[in-house]
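Observations on chain architecture
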Amino acid sequence: MARMTMIEAVRSAMDVSMERDDDVVVFGEDVGYFGGVFRCTQGLQAKYGKTRCFDTPINESGIVGAAIGMAAYGLKPCVEIQFADYMYPAYDQLTQEAARIRYRSNGDFTCPIVVRMPTGGGIFGGQTHSQSPEALFTHVCGLKVVVPSNPYDAKGLLTAAIADPDPVIFLEPKRLYNGPFDGHHDRPVTPWSRHELGEVPEGYYTIPIGKADIRREGSAVTVITYGTMVHVALAAVEDTGVDAEVIDLRSLMPLDLDTIVKSVAKTGRCVVVHEATLTSGFGGEIVALVQEHCFYHLEAPVMRVAGWDTPYPHAQEWDYFPGPGRVGRALIDVMEA
């Protein structure tokens, strides 16, 4: 089986989807000749031509608005917002138009678009290249939200998203593009070429949207997380020795509530970890669901580990970033509660 970085896996997903379906088109800022700022679309224009992979002006609202119109007429656009931080000009198009087309038309029209966005911090990008805006999309009825944590999932989830008849927000943790990051920023990163989840089939396959993955089985506490924080949580478990079950949500909307409930009912304890700001972060929704469905199984309060309630701080990135130390302390606290 081939070994791929997450960049290569994302590119492969678009490649096999474009090869399989002539209606799939890829566009965004610098995605054509240049191959994207992270090279995720490198080679696609040369292979499929300038009508199926092309550059756009620096206009996020125009990119998403054009994609919606194309989708209404039968195409399947997979567009790139260069950084998730730049999605705000397109938020109106996504929430007021793309998310509502099926509802407004009584099912006569759908909106099969995918909006890819590099997300999260850990690359010294500062406050306008490091945000994690997933909760802004999970609140909107009609949008699906996906966050892979490894190359194998990235390809399978992206092919599923491109084939999906409804709009999918596909958030790519850029700190994971070239290797799994465990939060120890002072240590070398293991490349995906030496990680089991760097093995990616070269052909077409899908992973169902809405199904979580148990990355580590355990009996003492359930850790619920996604994206980069999956690797941070696994490192924290190893550092503390706590027998934690680590759930990689993969899909935030729809959410695999069954896997969450089954795990928390088994362990009786729960820690929720995400990189985004604490207040109104998606972790608050998970905590509410755990409280609602697992109340009589809980042996301790559910805890959250997240980013600060501040703009992303360049100078204090590794304090803001929920690392293994902060996650580990939460694991110990919940076990002692």
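This one's a predicted model, so the numbers in the text were calculated from it and none came from an experiment.

**Some points on the sheet that holds strand β2 (residues 24–28)**
With mixed pairing, the seven strands of this open sheet are ordered in space as β3-β2-β4-β5-β7-β6-β12. Among the strands making up the open sheet, the edge pair consists of β3 (53–55) and β12 (251–253). Each adjacent strand pair in this sheet contributes to an overall mean axis angle of 20°, direction not counted. The strands that helix α3 (residues 60–72) touches are β2, β3 and β4 (76–80); relative to β4, the one it contacts most, it runs at about 170°.

**Description of the side chain of R269**
For R269, the location among the structural elements is in the loop between α9 (257–267) and β13 (270–277). Put simply, R269 is tucked away with no salt bridge, and the nearest opposite charge, on E299, sits 5.4 Å away. Separated by 2.9 Å, the side chain of R269 and the backbone oxygen of V334 make a polar contact. For R269, the contacting residues outside a window of four places in its chain are A220, V221, T222, V264, E299, A300, V334, M335 and A337.

**Here we look at the side chain of T228**
Mapped onto the fold, T228 is located in helix α8 (residues 228–240). What T228 contacts, discounting residues up to four positions off in sequence, is P173, R175, L176, F181, E275 and F321.

**Things to note about the domain arrangement of the protein chain**
Partitioning the protein chain into structural domains gives domain 1 (2–200) and domain 2 (213–336). Placing the centre of domain 1 and that of domain 2 at their C-alpha centroids yields a distance of 25 Å. Of the residues lining the interface, 34 residues belong to domain 1; the matching set on domain 2 comes to 27 residues. For the pair domain 1 and domain 2, the summed buried area comes to about 2500 Å², and 61% of that belongs to carbon and sulfur atoms. Linking domain 1 with domain 2 are one salt bridge, by the criterion used here. Among the salt bridges present, the one from R250 reaches D153, with a minimum N-O distance of 3.2 Å. Applying the counting rule to domain 1 against domain 2 returns 13 residue pairs in polar contact (both at pLDDT 80 or more). Elements that contribute at least two residues to the side of domain 1 that touches domain 2 include exactly α6 (134–138), β6 (144–146) and α7 (151–163). In the side of domain 1 that touches domain 2, the residues fall into 15 nonpolar, 14 polar and five charged.

Each value, and the rule that gives it
- Residues numbered from 1 in each chain as written.
- Predicted model: local features only at pLDDT ≥ 70, side-chain atom pairs only at ≥ 80, totals over all residues.
- Heavy atoms only, no water.
- Pairing = 2+ DSSP bridges.
- Helix = DSSP H or I, 4+ residues; strand = E, 2+ residues; numbered from the N terminus.
- Axes fitted to C-alpha atoms, helices over the stretch in contact; angles between N-to-C directions.
- Contact = heavy atoms within 4.5 Å.
- Buried < 20%, exposed > 50% of the residue type's maximum accessible area, 1.4 Å probe, protein only.
- Lys, Arg positive; Asp, Glu negative; His and termini not counted.
- Salt bridge = Lys/Arg side-chain N within 4 Å of Asp/Glu carboxyl O.
- Polar contact = N/O pair within 3.5 Å; in protein donor to acceptor, adjacent residues only side chain to side chain.
- Domains from an automatic or database assignment.
- Buried area = accessible area lost by both parts, 1.4 Å probe.
- Nonpolar A, V, L, I, M, F, W, Y, C, P; charged D, E, K, R; others polar.

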